[in-house]
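Take a look at the letters that make up each chain.
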Amino acid sequence: MASPLLANVYLHYVFDLWAEKWREKVAHGDMIIVRYADDLVAGFQHQADAERFLRDFQERLAKFGLEIHPEKTRLIAFGRFAASDCRKRGKGKPETFAFLGFTHYCGTNSKGHFVVWRRTLVKRMRAKLHAIKQELRRKMHEPVADLGAWLKRVVDGYYRYHAVPGNLAVLGRFRERLCRYWRHVLRRRSQRRKPDWEQLRPIFDRWIPRPRTLHPYPDKRFDVRIQGRSRMR
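On a predicted model such as this, the values are computed, not experimentally measured, just so you know.

Draft legend 1. Fine view of the confidence of the model for the protein. This prediction gives the protein a mean pLDDT of 87; 90% of its residues lie at or above 70. Residue range residues 220–224 is modelled with pLDDT below 50. Its contacts to residues more than four positions away, or to other chains, number 30 contacts.

Draft legend 2. Inspection of the pairing of strand β2 (residues 39–44) at higher detail. β2 sits mainly inside the fold: six of its six residues count as buried. Residues Asp39, Val41 and Gly43 line one face of β2 and the alternating positions Leu40, Ala42 and Phe44 line the opposite face, and both faces are buried. Pairing of strand β1 (residues 31–36) with β2 involves six bridges; the strand directions are antiparallel. Within the sheet, the bridge partner assigned to Arg35 lies in β2 and is Leu40.

Draft legend 3. Spatial organisation of the nonpolar core. By size, the foremost hydrophobic cluster in this structure holds 26 residues, and its most contacted members are Ile132, Leu136, Phe174, Leu178, Trp182 and Ile208. The set of elements that each furnish at least two residues to this core consists of α4 (122–138), α5 (144–162), α6 (168–189) and α7 (197–207). When residues in this core are grouped by element, the largest group, nine residues, is from α6. Beyond its immediate sequence surroundings of up to four residues, Trp182 is in contact with Leu136, Val144, Leu147, Gly148, Leu151, Ile203, Phe204, Trp207 and Ile208.

Cut-offs applied
Residues numbered from 1 in each chain as written. Predicted model: local features only at pLDDT ≥ 70, side-chain atom pairs only at ≥ 80, totals over all residues. Heavy atoms only, no water. pLDDT = per-residue confidence, 0-100. Contact = heavy atoms within 4.5 Å. Buried < 20%, exposed > 50% of the residue type's maximum accessible area, 1.4 Å probe, protein only. Helix = DSSP H or I, 4+ residues; strand = E, 2+ residues; numbered from the N terminus. Pairing = 2+ DSSP bridges. Core = buried A, V, L, I, M, F, W, Y, C linked by side-chain atoms within 4.5 Å.

In structure tokens, the structure reads:
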């Protein structure tokens, strides 16, 4: 595994510049690539382009002593026609893929139009909640206002990344879990009557904001995507 900084510098030459030339000289349809360090998703209009790109990409990496991660690289059908194609072949729902902390899956909006929905990865959310829970225990005896201000900064930062369309239900569960953790801390430090939910709700409403969508809907759709990660041999 390469560090993000090293991956960005090295893969700019190994991958980015090469992929741009591949798009211009080889691709027959639309193509899009999103890369962060050594994680990437490539989308293609035509399956033949996706299959050839995967082969050529493997050959390109081999020249530099690199290889794609065999367990984290897949060629899948994904896009506005993926669901209907799967039904015709009797394969159920289209596959999903994980990228940059989200599970991406095919869906429709209230008008029946195709939408790429994203949900926070469960394991990522659990890890974040665990870290906050540990910090809440450490800060247990700090003033409520100070602890609340800290929680608000943490939650606002989390929402700024994760508050994408279709993810509010997940973020609602994230907020509910935080309230339970904080309630437990506040009740533990009280030497008198333990405060109940109704007494604590105004505190939670003040310091733990409710989620709202902060990002626009994606405006481009592709039928075939490759998810992959390069690694040093």
